[in-house]
Amino acid sequence: MIERMIGRRVFVSGGAGVIGLELVPKLVRAGATVLVGDLKPRPASFESCVNYMQGDLNTLSQTELDAFRPDVFIHLAATFERSTESIDFWGENFRHNVMLSHHLMTLGRRCPTLRRVVFASSYLIYDQSLYQFDTEQKAGVCLNEEHPISPRNLTGMAKLAHETELKFLDGFEEYPFTSICVRIFRGYGRNSRDVISRWVRALIAGEPITVYRREGLFDYTYAADSAEGLLRLAQADHATGVVNLGTGRSRRVSDVVTTLLQHFPDAQVNEVESDIPFEASQADVSKLRSILNWVPAYDLEDAIQEIVDFERAQCRSEKTGSAQRLGNVLITSASRKAPLVRAMKNAAQRIGSEIEIIAGDIDPDAPTQHIADGFWPMPRTEVGELPALLSGCVARGIRAILPTRDGELTFWAENRAAFAEQGIEVIVSKSDSVARCLDKLAFAEFGIANDLPTIPASIRPEDIDADRFVVKERFGAGSRSIGLNLERDAAREHAKTLDAPIFQPYFQGLEISIDAWINRDGTPAGLVLRRRDRVVNGESQTTTTFQDPQIEAEAWRILAAFDLYGPVVMQAIVINGSTLEIIEINARFGGASTTSLAVGLDIFYWSITSAFGMAEGQIDFLRSDHEVRQIRLPSDTLIYDPDI
């Protein structure tokens, strides 16, 4: 059965949770290609081959899911409260249970590759009057899939709602996937918030534990068993509807306490009188056995041994290691770059809600201050201001800096070591690489010397074998005062209006941009091609993504040769549909590069995780098969503030 996962593409929502931590490695070992989405940061235990998306999956787009092309969806993501649900859980349950499940399945039903859906449901759906009593019971009630349902709390209600949605979709022939709802019984496992793990952590810390209703009977189902069952059910395409997943054996709370005392003989156990009902439940696993010829194998004692070992190892690690420190992100020369700031804020929220995006600019009235989390009217990026810039970054808790203007790249590149000493990563290429990109003559000469298709350049038109010319400034923005398609004499005259002119042959063809993100070692992590459909003042006002394997392969080769780091945008001309001529590379994020985010080039997320030391070897580029056209238009921002 295991070999049936080879070549399968599995999307796991909530894969960093207690079951997911067991399931994802099993999927990898079974040969599956895995994409995990979760609010939590990427678990260190996941292999680098696991594709990972951190953030609220309510924001997952159709394009992002389709880019992965899943044929199996295992839906684990959920929120819950173990004790009585509080009023604060009202909104949390709706967003992360009800709304999330509906959103993910709305995307899933439109995903053309999807063939199998496995939903981790709960036994909380069953009518609690079947298994809760006023007195102690001798044995657990064996609940089967045909028993009456009446969810006992909001979590159970949300699970039933999605079971109903999947049953509804099952009635439409246009959706070629099968689905199964797996009602998991009393779950527990390593790295969990369940009561067993909480008790183990307390006992390791020398704290007492409090026990209610030790006579209660539960079908304790270990996360490793739940993961194994979900994996097997993902492969059992013929099985549909509802199935219980439990051991089929109920154990008393007192059995848990007795087992814990074997590991912690000096433990203090406080038994408290309670008016909560006596539970006596267990799964009827007949249907599970008939589908899989398998039932969970772990007993309580062996599982608790693993949990104790795990928590003790965690405790030792916390004492010897140091917690990962998050910080804030500074966007320099933020000016009017609202799309950039918003995109960076979205990326930061996928990593940690405490991360703030600070807009920095020498203009105290820079408009982006109204949409960023904070604003810094910065000193100029000059050597004499370095102490003030360093102290200002430290005071604002900045850990990563993203420069956005050509004119400041040299400063940040030359001084990034000084910021690194303060624990601040400047997301910028090395100074010699930056200098090469800013000097258009040096850029062209480097390319030609390294057999790259850069357009030749010279300070003298007679050195260029061409009838028509482009004349531009050697340094600075390439579009400033540019002369295009000029005859030789006209080119000489135009050059007199420039400070440091260079001459290049004029090529006619498709003008494109190539957005990319470059790893620390200079290798591209991903790139996206864009047509520059309408250009105003050197920037794309209308731009459309496209794919071309030949052009992409050449772009990978070119970018790797320039020894860059972070976000870059390469400008090029495509001649006769296939020949690439490189105009320039800007070693920064491009003005219209947000277009490429929409097809999977996750530049800002990669920038933050790289700067924070979270993503070495874990950059996963999932390019969408769909294309996007972006039209850049002004957008008003309204501010409601009683102090205006």
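Reading the values: the criteria
- Residue numbering note: each chain is counted from 1, following its sequence as written.
- Per-residue local features are limited, in this predicted model, to residues with pLDDT of at least 70; the limit for side-chain atom pairs, both in listing and counting, is 80 or more; totals at the level of whole chains, interfaces and linings are taken over all residues.
- Side-chain metrics rest on all non-hydrogen atoms present in the structure, leaving aside hydrogens and water.
- The criterion is simple. A nonpolar core is a set of buried Ala, Val, Leu, Ile, Met, Phe, Trp, Tyr and Cys residues joined through side-chain atoms within 4.5 Å.
- Buried residues are those whose accessible area, probed at 1.4 Å on protein chains only, stays under 20% of the maximum for their type, while exposed residues exceed 50% and partly exposed ones sit between those limits.
- Helix numbers and strand numbers start at the N terminus; a helix is a DSSP run of H or I with at least 4 residues, a strand a run of E with at least 2.
- In this analysis, two residues are considered to be in contact whenever any of their non-hydrogen atoms come within 4.5 Å of each other.
- Two strands qualify as a pair provided that DSSP identifies no fewer than 2 bridges between them.
- For helices, the fitted line uses only the C-alpha atoms of the stretch in contact; every axis is such a line through C-alpha atoms, and the angle between N-to-C directions lies from 0 to 180 degrees.
- Aromatic rings from Phe, Tyr and Trp, with only the six-membered ring used for Trp, were paired whenever their centres fell within 6.5 Å, and each pair was classed as stacked if the ring planes differed by under 30 degrees, edge-to-face if by over 60, and tilted otherwise.
- Criterion for a charge above a ring: Arg CZ or Lys NZ at most 6 Å from the ring centre, at most 35 degrees from the ring normal.
- Residues enter patches when their relative accessible area tops 30% and they take part in no salt bridge; the joining distance is 9 Å for like charges and 5 Å for the nonpolar side chains Val, Leu, Ile, Met, Phe, Trp and Tyr.
- Using a 1.4 Å probe, the Shrake-Rupley method yields the accessible areas, and only the shown protein chains count as cover for residues.
- The salt bridge criterion pairs a side-chain nitrogen of Lys or Arg with a carboxyl oxygen of Asp or Glu, the two atoms within 4 Å.

(A) Structural view of the nonpolar core. Ranked by size, the top nonpolar core spans 69 residues in total, and within it Val12, Leu27, Val34, Ile74 and Val182 carry the most contacts. Take this core: its biggest share by element is seven residues, from helix H6 (residues 223–235). Setting aside residues no more than four positions away along its own chain, Ile74 makes contact with Val10, Phe11, Val12, Ser13, Leu23, Leu27, Val118 and Ala234. Of all hydrophobic cores here, the second largest spans 45 residues; its members include Cys393, Ile398, Leu438 and Ile582.

(B) Region of the structure containing the sheet that holds strand S25 (residues 501–505). Judged by pairing direction, the sheet is antiparallel, and its three strands sit side by side in the order S24-S23-S25 without closing on themselves. Either end of the sheet is taken by a strand with one partner, and the two such strands are strand S24 (483–486) and S25. When the angles between neighbouring strand axes are averaged without regard to direction, this sheet yields 25°. Bridging between strand S23 (residues 469–473) and S25 involves five bridges; their strand directions are antiparallel. Across the sheet, residue Phe469 finds its bridge partner in S25, namely Pro505.

(C) Region of interest: the packing of aromatic side chains. Tallied over the full model, the rule gives 20 aromatic pairs. Note on Tyr123 and Tyr131: the rings are 5.8 Å apart at their centroids and 45° apart in plane angle, and the pair reads as tilted. Take Tyr123: its relative accessible area is 4%, and that puts it in the buried class. With relative accessibility at 0%, the residue Tyr131 sits in the buried group. Its end group placed over the ring of Phe80, Arg193 keeps NZ or CZ at 4.6 Å from the ring centre. Directly above the aromatic system of Phe278 lies the positively charged group of Arg213, at a separation of 3.9 Å from the ring centroid.

(D) Layout of the sheet that holds strand S3 (residues 51–54). Strand order in the open sheet formed by seven strands is S3-S2-S1-S4-S5-S8-S13, and the pairing between neighbours is parallel. Looking at which strands have only one partner, the edges of the open sheet turn out to be S3 and strand S13 (241–245). On average, each strand axis in the sheet is tilted by 20° relative to the strand beside it, whichever way the strands run. Two strands pair when backbone bridges link them, and strand S1 (residues 9–13) and strand S2 (residues 33–38) are joined in this way by five bridges, in the parallel orientation. Across the sheet, residue Ser13 finds its bridge partner in S2, namely Gly37.

(E) Looking closely at a nonpolar patch on the surface. Together, Tyr212, Val272 and Ile276 line one region of the surface with nonpolar side chains, adding up to about 250 Å² of accessible area. Take Ile276: it is sitting in the loop between strand S15 (269–272) and strand S16 (278–279).

(F) Geometry of the pairing of strand S26 (residues 510–518). Within S26, seven of the nine residues are buried, leaving the element largely enclosed by the surrounding structure. Note: S26 against strand S29 (residues 566–575), nine bridges, orientation antiparallel. Within S29, the residue paired with Asp515 across the bridge is Val569. With seven bridges joining them, S26 and strand S27 (residues 524–536) adopt antiparallel strand pairing. Within S27, the position partnered with Ala516 by the bridge is Leu527. Between S26 and the antiparallel strand that follows it, S27, lie five residues; Gly522 among them carries a positive phi value of about 90°.

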